[in-house]
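Structural characterization, general
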Amino acid sequence: MTSTETLVASTAIRDAQPLAGEALRAAKKRFPPRPYEDDWTATSHSYDEVVARLNRPPLRAASESTHFYRRRGATLILHWLLKQPGDTWQQRWNASPAASGTGAQWNELNATWVGYNAANANGILNTGLFALVCADVLRPSLRWQLTRTSTNLRAIITRHRDPDGFARLQELVGPEAWASHLGILAKNVLVKLVIAKGGGLADINVGDAIEYMEEHRAQRATSGGQSLFYSWVKSLGHLPPDAPVSLRLLH
């Protein structure tokens, strides 16, 4: 962005009216979020097809030991999900106790749910879930993701899911903002939205952003600067002209 564009955008955000009460209700009606899907190409693959994908770049880790643990954890989770009702992996995940809990509960109870008894069960199952999420086989909800943050996950999603979109956004916001603390928080949000709803950055809509902000507030999350991601999405130019100027004052 040029210095003039940055000044205009900053002034608009500064002068934005609070998005609350009737204004918030109207915005939510005008801009509904995308639904959570339970059937798409990757989640409809067979067990053998999913494992084959995990064995190929870019999903295959460069380190053989890392690849072994990701594959081991992923296959354990897949075998467990086969016992749940549903026709796709996401439908089975949704029917499992893991989906109705939180990411923190997954950390605590995954070995119990999957039925895997090992000293390093938590690490193996977490790295297996990491692989299945990166492969877009499973899409944990925003609520679920808000209790977890993974630097490795952010790096892989930005590099291999809509790399052109993330590269364009990085160019638009500039290297300083991209690498800043608030920029990292904004990237975390964008990655969560891509994971939860599928698609790329250009598919994120106003309703998705409002939904995230409301989930963030409901979880009483304390990390600041969470609304920057919306300004970044707006800078991509695909939101409608009457989209809210900012979500910084949403409450």
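Just above sits the structure.
Anyway, here's the lowdown on the structure attached to this text.

Criteria and cut-off values
- Residues numbered from 1 in each chain as written.
- Predicted model: local features only at pLDDT ≥ 70, side-chain atom pairs only at ≥ 80, totals over all residues.
- Heavy atoms only, no water.
- Helix = DSSP H or I, 4+ residues; strand = E, 2+ residues; numbered from the N terminus.
- Buried < 20%, exposed > 50% of the residue type's maximum accessible area, 1.4 Å probe, protein only.
- Contact = heavy atoms within 4.5 Å.
- Areas by Shrake-Rupley, 256 points an atom, 1.4 Å probe, with all protein chains shown as cover.
- Core = buried A, V, L, I, M, F, W, Y, C linked by side-chain atoms within 4.5 Å.
- Salt bridge = Lys/Arg side-chain N within 4 Å of Asp/Glu carboxyl O.

**Some words on the overall build of the protein chain**
Secondary structure assignment for the protein chain yields 15 helices and 0 strands. When the 251 residues of the protein chain are sorted by exposure, 46% land in the buried category. Summarising the internal contacts of the protein chain: among those between residues at least 6 apart in sequence, 70% fall at separations of at least 24. Here the protein chain displays about 12,400 Å² of accessible surface, and carbon together with sulfur accounts for 53% of that area.

**Remarks on the nonpolar core**
By size, the foremost hydrophobic cluster in this structure holds 66 residues, and its most contacted members are Trp 80, Trp 93, Trp 106, Leu 132, Leu 190 and Phe 229. For this core, the element with the most residues is helix H8 (residues 121-134), which contributes 9 residues. Residues contacting Trp 106, with those up to four places away along its chain left out, are Ile 77, Trp 80, Trp 93, Ala 98, Trp 113, Val 114, Leu 125, Asn 126, Leu 129, Trp 144 and Arg 148.

**Quick word on the pattern of salt bridges**
Considering all chains together, one arrives at 11 salt bridges under this definition. Notably, a salt bridge pairs Arg 139 with Glu 37, separated by 3.9 Å at the nearest N-O pair. With Arg 139 in the loop between H8 and helix H9 (142-145) and Glu 37 in the loop between helix H2 (21-30) and helix H3 (47-54), the pair connects residues that are 102 residues apart, well separated along the chain. Looking at Arg 139, the relative accessible area reads 8%, which means it is buried. Measuring nitrogen to oxygen at the nearest pair gives 3.4 Å for the salt bridge that ties Lys 197 to Asp 208. Placement of Lys 197 in helix H13 (residues 181-197) and of Asp 208 in helix H14 (residues 206-218) is noted, with a sequence separation of 11 residues between them. By the burial criterion, Lys 197 is buried, and Asp 208 matches it. Through salt bridges with shared partners, a single network forms among Arg 34, Lys 197, Asp 208 and Glu 211.

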